[in-house]
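Close look at the chain arrangement
Here are the chains, one letter per residue:
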Amino acid sequence: MAKQSGFAKWFYNQSFLIQLILLLIPVVNWIVEIGVRWSAFFQRKNPITLIFALVVLIFGQVFGWIDLVWLLLTTHLLFAKA
């Protein structure tokens, strides 16, 4: 597993409750999604992380809610594992 850096590292170092709260607040979840996704892409340079980073730019609000549920189930964001 690749070591996270930047914003993704900061997000995953937060407590689980803080992560949930960040994804619950509508505009904040979009900003968090963008930060985590692009940080993951620059760390891994994987085509899947690039696709999800681009999708989050456009559909960030909706994707933030999907990631909230995914975080509850798996303790990490979809295709942005710590």
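Residues numbered from 1 in each chain as written. Predicted model: local features only at pLDDT ≥ 70, side-chain atom pairs only at ≥ 80, totals over all residues. Heavy atoms only, no water.

The next point concerns the overall build of the protein. Looking only at helices and strands, one finds 4 helices and 0 strands in the protein. Taken from N to C terminus, the helices and strands of the protein fall in the order α-α-α-α. Whereas a compact globule of 82 residues would reach a radius of gyration of roughly 12 Å, the protein reaches 11 Å, a difference of no more than 12%. Expressed as lengths along the three principal axes of its C-alpha atoms, the size of the protein is roughly 30 × 25 × 20 Å. Here the contacts in the protein between residues at least 6 apart in sequence split such that 67% fall between residues at least 24 apart. Carbon and sulfur atoms make up 78% of the accessible area of the protein, which amounts to about 4700 Å² in all. (Helix = DSSP H or I, 4+ residues; strand = E, 2+ residues; numbered from the N terminus. Rg over C-alpha atoms; globule rule 2.2 N^0.38 Å. Contact = heavy atoms within 4.5 Å. Areas by Shrake-Rupley, 256 points an atom, 1.4 Å probe, with all protein chains shown as cover.)

Its place among the elements puts D67 in helix α4 (residues 47-74). Setting aside anything within four residues of it in sequence, one finds D67 in contact with L23, E33, R37, L77 and L78.

In this section: the nonpolar core. Counting residues in each nonpolar core, the largest one holds 12 residues, listed as A8, F11, Y12, L20, L22, L23, V32, V36, L68, L71, L77 and A80. Elements supplying a minimum of two residues to this core: α1 (7-13), α2 (16-24), α3 (26-44) and α4. Once residues lying within four places of it in the same chain are set aside, the contact partners of L23 are F11, N29, V32, E33, G64, W65, D67, L68, L71 and L77. Judged by nonpolar contacts, the second largest core, of 8 residues, contains I34, A53, V56 and F63. (Core = buried A, V, L, I, M, F, W, Y, C linked by side-chain atoms within 4.5 Å. Buried < 20%, exposed > 50% of the residue type's maximum accessible area, 1.4 Å probe, protein only.)

Among the surface-exposed residues, L17, I18, I21, L24, I25 and W65 lie close enough to one another that they form a single nonpolar patch of about 530 Å² accessible area. When residues of the nonpolar patch are assigned to their parent elements, the largest contribution, 4 residues, is made by α2. (Patch = residues over 30% accessible without salt bridge, like charges linked within 9 Å, V, L, I, M, F, W, Y side chains within 5 Å. Salt bridge = Lys/Arg side-chain N within 4 Å of Asp/Glu carboxyl O.)

If you check which residues of α2 are buried, you get Q19, L20, L22 and L23. Down the axis of α2, the buried side of the element spans an arc of 160°, and every buried residue falls inside it. Elements that come into contact with the buried residues of α2 comprise α1, α3 and α4. (Arc of directions from axis to C-beta.)

Counted by the stated rule, this structure contains 6 aromatic pairs. Their ring planes at 75° and their centres at 5.4 Å tell us that F11 and Y12 sit as a pair that is edge-to-face. Like F11, the residue Y12 is buried in the burial classification. Where F41 meets F42, the ring centres are 5.5 Å apart and the plane angle is 55°; that geometry is what we call tilted. Here the aromatic cluster, defined as three or more aromatic residues joined through ring pairs, consists of W38, F41 and F42. (Phe/Tyr/Trp six-rings, centres within 6.5 Å; stacked < 30°, edge-to-face > 60°.)

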